[in-house]
Amino acid sequence: MNRTTVSLIAGVAALAAVTGFASMSEPDTSGSDTAKAAAQLPVERTSLLCPAPSTSDLAETAYTSFTPVAEGTGDDGTAELTAAGEEPADGKTDANKDDKKDDGKDGKEKAVLTPKEPGKPVTGEASGAEAPALVGTAEGRLAPGWTVQQTTEIPAGSGRGLLGTNCTAPDTEFWFPGASTAKERTDYAHLTNPDDSAAVADIELYGKDGALKSTVGEGIQIPPHSSEAVLLSTLIDEPQTNLTVHVTVRSGRVAAAVQAIDDQLGGDWLGPSTDPAGSLVLPGIPKDATSVRLVAFAPGEADADLKVRLASPNGPITPAGNETLHIKAGMTAAIDLGDVTRGEAGSLMLTPTGRPTPVVAALKVVRGKGDKQETAFIPATAPVDTRATAADNRSKGSTLSLVAPGRAAKVKVTASAGSGGGTAASKTYTIKGGTTQNVEPPVPSGLKGTYALTVEPQSGGPVYAARMLEAASGGVPMFTMQTLPDDRGTVEVPDAAQDLSVLQK
């Protein structure tokens, strides 16, 4: 075997470790299972982008960064979040160049967050309507599982409430069922470009009767290291109560999120649904929810028929009058489930009644009554494979929901050290099959500041998770929900020895 082949294999393995999503295995020509030789290695670089938090002068935004401690990462690593549209602190845009710290001179933008070590949260803050979108990169030991939470509190006025979102990695396609252009709603699609060249994206809208004509949503330009907020109501002529937003990227890549603001019900961020699938789980409906609306969309050419069930603490139940949901191909469907949880923890499970048809879905959840109501959203999410993290937990106001839609599962939950001090603590929970459990998460002893919760399945069937963060103000039950998909902190890389033996034959 020549040196070129060896170098090629090493290069592909290194690329997989850097990108965080590549995977490969050689064909099994010898009768042995070479896939079993694949190893899980920590990713070496992670990018996250945070949308501009608010247009309100009253907005107060907190940022919390956290990287779990991981094995095999080495001792070196850097991470930094800076304002989109600004030159990085070292004046360079190439992440592979030597890192230099900002000295606050020459007009360079000082980093909003600069994490130093895994296992301990780092916090930052911003005020008012001028807070920008953020672009960030973590490398080395700070990259695997890097999580950043953006939490904004607006005490009054348009968008009043607690608005939270996980800063997300750039991609090329996003689905957002649950948006609206109704007269009481002001919804923006935020598109953030982390790269050195411009990105070009399209925004398609789908209502109850199918695709809505719009040329304004085509070919949207997002300059390098910048963010664009697109008001959805400017893309179509007639108001639509239930919309599915589809963002596709023609050139480059972006991070996308929808900010939904209601004149009466406050506001929050609507995160993207997981990729279209035949079965979906929407975890963590608050037990005191006064109104729950399911919005779903079938992106293919076939209609979808779904069985609707609630995973309660005692097992699956079927909501009376809403046993099934029919979704016509290319159209958005919605059903109101009312106070479906009836004072208990719950998660929605959608499964096909017949042949599986890929769908996307999200829940609009309302808490409170009268003029003291607040809104949040729960998109369908992926299960926790190895590990997931929720940052920005306080001494009070955090509720962790765990659901095992199939077999029972054992789950380890770890509370990190606090951003200002404290000692990490762990606890293990057993979740019965077909149930949702709202667990009281462990709290670091001697907690100062905020802390992160890390969820790690130990055994059993798939586990889905969500975190609710509360901050009641003036009698309004302000809250925000974040689902916890796997953090993709590791990547599958084949064992070199096995692959070389295959190529030698």
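Residues numbered from 1 in each chain as written. Predicted model: local features only at pLDDT ≥ 70, side-chain atom pairs only at ≥ 80, totals over all residues. Heavy atoms only, no water.

**A short note on the overall build of the protein**
At step 1: Counting its secondary structure elements, the protein contains two helices and 37 strands.
At step 2: Counting all 505 residues of the protein, 50% fall into the buried class.
At step 3: Total accessible area on the protein stands at roughly 21,700 Å², and carbon and sulfur atoms take up 47% of it. (Helix = DSSP H or I, 4+ residues; strand = E, 2+ residues; numbered from the N terminus. Buried < 20%, exposed > 50% of the residue type's maximum accessible area, 1.4 Å probe, protein only. Areas by Shrake-Rupley, 256 points an atom, 1.4 Å probe, with all protein chains shown as cover.)

**Re the packing of aromatic side chains**
At step 1: Evaluation of the coordinates by the stated rule reveals three aromatic pairs.
At step 2: Here the aromatic rings of phenylalanine 174 and phenylalanine 176 are separated by 6.4 Å at their centres, their planes lie at 20°, and the arrangement is stacked.
At step 3: Ring plane angle 40° and centroid distance 4.7 Å describe the contact between tyrosine 206 and phenylalanine 297, whose orientation is recorded as tilted. Remark: phenylalanine 297 occurs in strand S19 (residues 291-297) and tyrosine 206 occurs in strand S11 (residues 199-207); sequence separation between them is 91 residues. The burial state of tyrosine 206 is the same as that of phenylalanine 297; both residues are buried.
At step 4: Sitting over the ring of phenylalanine 479, arginine 367 keeps its end group 5.0 Å from the ring centre. (Phe/Tyr/Trp six-rings, centres within 6.5 Å; stacked < 30°, edge-to-face > 60°. Lys NZ or Arg CZ within 6 Å of the ring centre and 35° of its normal.)

**Let's talk about the confidence of the model for the protein**
At step 1: In the predicted model, the protein carries a mean pLDDT of 87, and 85% of its residues have values of at least 70.
At step 2: A low-confidence stretch, residues 87-108 stays under pLDDT 50, and its non-local contacts, those more than four residues away or across chains, total 26 contacts.
At step 3: In the predicted structure, residues 497-505 sits below a pLDDT of 50 and forms 17 contacts with residues beyond four places in sequence or in another chain. (pLDDT = per-residue confidence, 0-100. Contact = heavy atoms within 4.5 Å.)

**Focus: a negative patch on the surface**
At step 1: A contiguous patch of negative charge on the surface is contributed by Asp171, Glu173, Glu204, Glu218 and Asp275.
At step 2: By the element assignment, aspartate 275 lies in the loop between strand S17 (266-270) and strand S18 (280-285). (Patch = residues over 30% accessible without salt bridge, like charges linked within 9 Å, V, L, I, M, F, W, Y side chains within 5 Å. Salt bridge = Lys/Arg side-chain N within 4 Å of Asp/Glu carboxyl O. Lys, Arg positive; Asp, Glu negative; His and termini not counted. Charge placed at Lys NZ, Arg CZ, Asp CG, Glu CD.)

**Examining the sheet that holds strand S7 (residues 147-154)**
At step 1: The antiparallel open sheet is built from four strands, whose spatial order is S5-S3-S7-S8. Two strands in the sheet have a free side with no partner beyond their single neighbour: strand S5 (122-127) and strand S8 (161-166). Ignoring which end each strand starts from, the neighbouring axes of this sheet average 15° apart.
At step 2: Judged from the six bridges that link them, strand S3 (residues 60-66) and S5 form a sheet pairing that is antiparallel. Directly across from tyrosine 63, in S5, lies its bridge partner glycine 124. (Pairing = 2+ DSSP bridges. Axes fitted to C-alpha atoms, helices over the stretch in contact; angles between N-to-C directions.)

**With respect to empty space enclosed by the protein**
At step 1: If you walk through the whole model with that rule in mind, you get two cavities of 30 Å³ or more.
At step 2: Arg185, Ala260, Ile261, Asp262, Leu265, Gly266, Gly267, Lys364, Thr375 and Phe377 are the residues that line the largest cavity.
At step 3: For the lining of the largest cavity, the leading source of residues is strand S16 (residues 255-262), giving three residues.
At step 4: Split by residue class, the lining of the largest cavity holds four nonpolar, three polar and three charged.
At step 5: Space inside the second largest cavity adds up to approximately 30 Å³.
At step 6: In terms of lining, the second largest cavity is formed by Gly178, Ala179, Ser180, Arg185, Thr241, Asn242, Arg293, Val295 and Lys364.
At step 7: Split by residue class, the lining of the second largest cavity holds two nonpolar, four polar and three charged. (1 Å grid on protein atoms, 1.4 Å probe; cavity = no way out; pocket = protein on both sides within 12 Å on 5 of 7 lines; lining within 4 Å. Points joined across faces, edges and corners; volume = space filled by probe spheres on them. Nonpolar A, V, L, I, M, F, W, Y, C, P; charged D, E, K, R; others polar.)

**Section: the sheet that holds strand S10 (residues 185-193)**
At step 1: Judged by pairing direction, the sheet is antiparallel, and its four strands sit side by side in the order S14-S10-S16-S17 without closing on themselves. What marks the edges here is a single partner per strand, and that holds for strand S14 (226-231) and S17. Taking the axes of each pair of neighbouring strands and ignoring which way they run, one obtains an average angle of 20° across the sheet.
At step 2: Alignment of S16 against S17, held across five bridges, turns out to be antiparallel. The partner of glutamine 259 across the bridge, within S17, is tryptophan 269.

**What to know about the nonpolar core**
At step 1: Ranked by size, the top nonpolar core spans 31 residues in total, and within it Leu294, Ile327, Leu348, Leu350 and Leu363 carry the most contacts.
At step 2: The greatest single-element share of this core, amounting to four residues, is contributed by strand S20 (residues 304-312).
At step 3: Sequence-distant contacts of leucine 294, that is, excluding residues within four places in its chain, are made with Leu325, Ala333, Ala334, Ile335, Leu337, Leu348, Leu350, Ala361, Ala362 and Leu363.
At step 4: In terms of nonpolar packing, the next biggest core, distinct from the first, is built from 26 residues, Ile220, Ile222, Val245 and Val249 among them. (Core = buried A, V, L, I, M, F, W, Y, C linked by side-chain atoms within 4.5 Å.)

**Here's the deal with the side chain of threonine 375**
At step 1: Residue position: threonine 375 is located in strand S26 (residues 374-379).
At step 2: A distance of 2.9 Å separates a polar atom in the side chain of threonine 375 from the backbone oxygen of leucine 265.
At step 3: Ignoring anything within four residues of it in the chain, the contact list for threonine 375 reads Leu265, Gly267, Asp268, Lys364, Val365, Val366 and Phe479. (Polar contact = N/O pair within 3.5 Å; in protein donor to acceptor, adjacent residues only side chain to side chain.)

**Quick look at the pairing of S20**
At step 1: As judged from the four bridges shared by S20 and strand S22 (residues 324-327), these two strands associate in the antiparallel manner. When the sheet's bridge partners are listed, alanine 304 is paired in S22 with isoleucine 327.
At step 2: Pairing between S20 and strand S24 (residues 346-352): six bridges, direction antiparallel. Pairing of valine 308 across the sheet is with leucine 350, part of S24.
At step 3: With antiparallel pairing between neighbouring strands as the criterion, S20 and strand S21 (residues 315-317) make up a hairpin whose turn holds two residues.

**A look at the pattern of salt bridges**
At step 1: Under the definition given, this model contains 12 salt bridges.
At step 2: Two residues, aspartate 202 and arginine 250, come together in a salt bridge whose shortest N-O distance is 2.9 Å. Of this pair, aspartate 202 sits in strand S11 while arginine 250 sits in strand S15 (residues 243-251), and the two are 48 residues apart along the sequence.
At step 3: Assessed through its relative accessible area of 14%, aspartate 202 is described here as buried.
At step 4: Given a relative accessible area of 54%, arginine 250 falls into the exposed group.
At step 5: Across the pair aspartate 288 and arginine 367 runs a salt bridge whose closest N-O atoms are separated by 2.8 Å. With aspartate 288 in the loop between S18 and S19 and arginine 367 in strand S25 (residues 360-367), this residue pair connects regions lying 79 residues apart in the sequence.
At step 6: In this structure arginine 367 comes out as buried when scored by relative accessible area, which is 5%.

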